[in-house]
Amino acid sequence: MAGFHVQDMRRSNKCGLAATCRPHSPPPLELHKVVSYSRYLFSLCTDDCASGHASIQLAKSADETMVLGLIEDVDDKVSSYILSLFQLISLVLLLTPMLTSCTELIHHQDNSSQTGVYTIYPLQERSVYCDMDSEGGHWMVFQRRMDGSLNFYRPWDQYKLGFGNATGEYWLGLDNIHYLTTKQKYELLVTMEDFDGKKVFARYTSFKVDAECDGYRIHVSGFIDGGAGDALTYHDGQKFSTFDKDQDSWPGNCARSFLGAFWYNTCFNANPNGIYRWGADKTLFAVGVEWSQWKGYDYSLKSISMMIRPVQ
């Protein structure tokens, strides 16, 4: 066990600071003060514009030079207040922390109790499916299979960046998963359903994915059984593999042999990114959307979702 930790430290050094460290977010602005200041600027503009308009009305009987001077004065004040408001809005957009999880939605949006698609900002703007119902809610789904409409047998670069649509089947991307799970401690929930409508889950109290330079190695522990059984502990400590980037612990290529992409060991107890098939089928051994501790290797699930949320 000590040797594992030494090697792990070396891998972290090899990754470098750029892969593991990011600047802290600035403290959140007190938005009620921003709103109050915006209203103050608006009232000043309204008062000055009204005063200027009255002065122009009074000066109509005066010479043309005086009228033009008053108009220019009002224009200057309006431009000044508009610029101040624009700068204030820009400051809010730059300094207000962006949403990075479904848990944060409860503090920012009135409809945050509803399951559905929301926009978050891990490394860049992304739409994600937030499950607000399962096991206390506020889970951010990073992997979702439900109907076989999307091909998950894809190369490394697509698993790195993500693919699909949050309204249906999708993969959030290893870069995003790594960034989120190294920023703070996360837990994992895996929900699944068979073709008879039975639903089960597996929950893990700790989940983390390392940087790309370390192969997006998975760290998962703290299993809690929801009827599915523990299929992921076997994959703990493994690097991510695709058909064009073999990083598993098997002499062959697990991704090519079982038509998927995952944190394969030699090879798997879980293959959620496998080829979508319909239930029990022994035609091809272990080729399908599999969770072997529940249904074995000859049953492809109807649906499966992998989701995370920060540990409070």
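Now for a quick tour of the structure. None of the values given here were measured: they were computed from a predicted structure. (Residues numbered from 1 in each chain as written. Predicted model: local features only at pLDDT ≥ 70, side-chain atom pairs only at ≥ 80, totals over all residues. Heavy atoms only, no water.)

## What to know about the overall build of the protein
Logical step 1: Along the backbone of the protein there are eight helices and 13 strands.
Logical step 2: For the protein, long-range pairs separated by at least 24 residues make up 55% of all intrachain contacts whose partners lie at least 6 apart in sequence.
Logical step 3: Looking at the protein as shown, the accessible area adds up to about 16200 Å², and 55% of this sits on carbon and sulfur atoms. (Helix = DSSP H or I, 4+ residues; strand = E, 2+ residues; numbered from the N terminus. Contact = heavy atoms within 4.5 Å. Areas by Shrake-Rupley, 256 points an atom, 1.4 Å probe, with all protein chains shown as cover.)

## Quick look at the state of the cysteines
Logical step 1: For the coordinates displayed, the defined rule picks out two disulfides.
Logical step 2: Note that C102 is cross-linked by a disulfide to C130, the S-S spacing being 2.0 Å. For the disulfide bridge between C102 and C130, the dihedral angle about the S-S bond is near -80 degrees, and by the sign convention the bridge is left-handed. With C102 in the loop between α4 (64-95) and β1 (116-120) and C130 in strand β2 (residues 126-131), the pair connects residues that are 28 residues apart, well separated along the chain.
Logical step 3: Assessed through its relative accessible area of 0%, C130 is described here as buried.
Logical step 4: Covalently, C254 is tied to C267 through a disulfide, its sulfur atoms 2.0 Å apart. Measuring the twist about the S-S bond at about -85 degrees, one finds the C254-C267 disulfide to be left-handed. Taken together, the positions of C254 in helix α7 (residues 254-258) and C267 in the loop between α7 and β9 (270-271) put the pair 13 residues apart, joining distant regions of the chain. Considered together, C254 and C267 belong to a single accessibility category, that of buried residues. (Disulfide = S-S within 2.5 Å. Buried < 20%, exposed > 50% of the residue type's maximum accessible area, 1.4 Å probe, protein only.)

So yeah, pure geometry; function would need other evidence.
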